[in-house]
Amino acid sequence: MQYPEPIAKLIDSFTKLPGIGIKTATRLAFHVIDMPEEDVTSFAQALISAKRDLRFCSICGNLTETDPCEICLDTSRDQTTVLVVEDVKDLMAIENTGEYHGLYHVLHGVLSPLAGKGPDDINIESLVTRLQKNAAITEVIVATNANAEGEATAMYLSRLLKPAGIKVSRLATGLAVGSDIDYADEITLIKAVEGRTAL
Ligand SMILES: [Zn+2]
């Protein structure tokens with residue numbers, strides 16, 4: 001016997017999320033059926049709005065409702081430093097420490113030869129263009145995660161940007177090898193930014 005179509009469709013939708021198998025999807029679908037209707041409506045609207053009302057900032061790659069994003073438009077921020085992160089979650093983690101006041105650049109990934117991801121597959125070209133156009137930027141802090149791919153990406157950026165006279169540094173102190181920026185606690189992140197080392 002098959003489930004009625006509406007719930008079969010809902011189960012199928014949940015299985016499209018990462019880490020959700022058919023069993024969990026079925027449990028979630030039945031949970032939705034038990035939820036108050038207004039909660040379901042607001043959940044559905046949040047899903048649609050997250051997709052429809054958000055875009056990536058054309059300057060830094062941050063997730064934003066307006067382009068350029070708030071951070072890029074904020075002239076009170078330090079315009080000489082750009083901190084490079086793998087994804088928007090890492091940007092949020094560092095921004096939430098309240099200790100970094102410069103600009104950001106979101107790569108949307110890291111170099112990964114094994115996964116066939118090269119420089120053209122992540123947001124590197126826009127960083128180079130940005131630095132060429134904007135002479136005020138003198139330092140790039142590479143805050144990729146402390147694993148092999150994050151290190152490889154940092155080294156690549158260092159070799160690419162240093163000849164142009166840009167100071168390239170790397171978050172190091174306090175971040176354990178293999179650790180993810182967005183899971184690090186605030187104190188560790190603050191120390192990592194302060195204790196950055198030149199590449
Ligand atoms: Zn931006």
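This structure is a prediction, so every number in the text was calculated from the model and none was measured. (Residues numbered from 1 in each chain as written. Predicted model: local features only at pLDDT ≥ 70, side-chain atom pairs only at ≥ 80, totals over all residues.)

Q: Describe the sheet that holds strand 5 (residues 139-142), naming the residues involved and giving the relevant values.
A: Sheet strands pair via backbone hydrogen bonds, and the direction of the pair is either parallel or antiparallel. What the 5 strands build is an open sheet, ordered 4-3-5-6-7; its pairing is mixed. The sheet is open, and its two edges are formed by strand 4 (103-106) and strand 7 (197-198), each paired on a single side. Here strand 5 pairs with strand 6 (residues 167-170) via 4 bridges, running parallel. Looking at the pairing, E139 lines up with K167 of strand 6. (Pairing = 2+ DSSP bridges. Helix = DSSP H or I, 4+ residues; strand = E, 2+ residues; numbered from the N terminus.)

Q: Outline helix 5 (residues 88-95), supporting the account with residue identities and numerical values.
A: Helical periodicity: at 3.6 residues per turn, an α-helix aligns residues three or four positions apart in one direction. Along helix 5, the residues that are buried comprise V88, D90, L91, A93 and I94. Summarising the contacts, the buried residues of helix 5 are in contact with strand 2 (63-64), strand 3 (81-85), strand 4 and helix 8 (186-194). (Buried ≥ 20, exposed ≤ 12 C-beta atoms within 10 Å, placed from the backbone. Contact = placed C-beta atoms within 7 Å.)

Q: Could you give an account of the domain arrangement of the chain, with specific residues and numbers?
A: Along its sequence, the chain is organised into domain 1 (5-52) and domain 2 (56-198). Computed from C-alpha coordinates alone, the two centres of domain 1 and domain 2 are separated by 34 Å. (Domains from an automatic or database assignment.)

Q: A description of the UniProt feature "zinc finger region: C4-type" (unreviewed entry) in the chain should follow, citing residues and the corresponding values.
A: Per the UniProt record, "zinc finger region: C4-type" (unreviewed entry) is annotated on residues 57-72. In this annotation, residues 57-72 is assigned 19% helix and 12% strand; the end-to-end C-alpha distance for the span is 8 Å. (UniProt positions renumbered as here; feature names shortened; annotations may be inferred.)

Q: Go over the environment of G109, please, and point to the residues and values.
A: Looking at the secondary structure, you find G109 in the loop between strand 4 and helix 6 (125-133). When the C-alpha positions of G109 and T144 are compared, they lie 9.2 Å apart, and in sequence the two are 35 residues distant. Ignoring sequence-local partners within four residues, the contact set of G109 consists of E86, K117, D121 and I122.

Q: Lay out unusual backbone geometry with the relevant residues and their values.
A: The peptide bond linking D67 to P68 adopts the cis configuration, its omega dihedral lying at 0°. Mapped onto the fold, P68 is located in the loop between strand 2 and helix 4 (70-73). For H108, which is not a glycine, the phi torsion comes out positive at approximately 55°. In this fold, H108 is placed in the loop between strand 4 and helix 6. With 14 C-beta atoms packed within 10 Å, H108 lands in the partly exposed category.

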